Amino acid sequence: MAKFWNFVLFQLGWFACIIGAANHQVFWPVVITLLYLTIHIARSNQPSLEMNLLLKAALYGVSADSLVSLSGFLIFEDAWPSSYLSPVWMWVLWALVASTINGSLSWLRGRPILAAVLGAIAGPMSYEAGIQMGAGAWGPQGQVGGLIFLAIIWGAAMPLFLYWDRVRVTLDKNQP
């Protein structure tokens, strides 16, 4: 049942942030999603390790999305805090994705190829959906190039997140 609620709360957080960005009203969606992430971390078996995973994923996402944006493939709505970085609502979404690694996407453990394929397909589709809902636009470099760039980023992200989690679990088992 926990995996079901993890999936549902991920979807609610995603929609809230996307709709908030499209309407230039991201404060409450970000705050509420961060509250959920805080509860998620607190309820984790290893809260500090779970927080570490979410922070690594968010940093990966900030770097990746900022690169996509600066390369001219993607324009984000509500670009706070800087036009040189991806917006804060995207940072929250990356952490939200990482919260599914030990929840609704835990079935991907030990399946890095499947995780890469899923990431390469679902990641860009999520961006396209967000763009269709008004949270961004394709930049001057175009949609096709943007989707390919995102497929590479997300094809690497999902196995990487699973790897970070595996390292986390291995480190946890080695603790006295």
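Keep in mind it's a predicted model, so treat the numbers as computed, not measured.

Quick notes on the rules
- Starting afresh in each chain, residues are numbered from 1 along the sequence in its written order.
- Totals for whole chains, interfaces and linings use all residues, but because this is a predicted model, local features are given only for residues with pLDDT of at least 70 and pairs of side-chain atoms are given and counted only at 80 or more.
- The basis for the side-chain values is all heavy atoms of the structure; hydrogens and waters are excluded.
- Working definition: rings of Phe, Tyr and Trp (its six-membered ring) pair if their centres are within 6.5 Å, and the pair is stacked with planes under 30 degrees apart, edge-to-face with planes over 60 apart, and tilted otherwise.
- In this text, helices come from DSSP runs of H or I with a minimum length of four residues, and strands from runs of E with a minimum of two, each type numbered from the N-terminal end.
- Burial classes: relative accessible area under 20% of the type maximum marks a residue as buried, over 50% as exposed, and values in between as partly exposed (1.4 Å probe, protein chains only).
- Think of a salt bridge as a Lys or Arg side-chain nitrogen and an Asp or Glu carboxyl oxygen that are within 4 Å of each other.

Undergrad: Break down the packing of aromatic side chains for me, citing the residues and quoting the values.
TA: Inspection of the entire model under this criterion finds eleven aromatic pairs. With 5.8 Å between their ring centres and 85° between their planes, Y60 and F161 make a pair best called edge-to-face. Here the residue Y60 occupies a position in helix α3 (residues 47–70), and F161 occupies one in helix α6 (residues 143–173), the gap between them amounting to 101 residues. With respect to class, Y60 is no different from F161; both count as buried. Joined through ring pairs, the aromatic side chains of Y60, W94, Y127, W154, F161 and W164 make up one cluster.

Undergrad: Explain the pattern of salt bridges to me, and be specific about the residues and the numbers.
TA: Following the criterion strictly, the structure yields one salt bridge and no others. Measuring nitrogen to oxygen at the nearest pair gives 3.4 Å for the salt bridge that ties R109 to D165. With R109 in the loop between α4 (88–98) and α5 (112–132) and D165 in helix α6, the pair connects residues that are 56 residues apart, well separated along the chain. The class of R109 is partly exposed, set by a relative accessible area of 42%.

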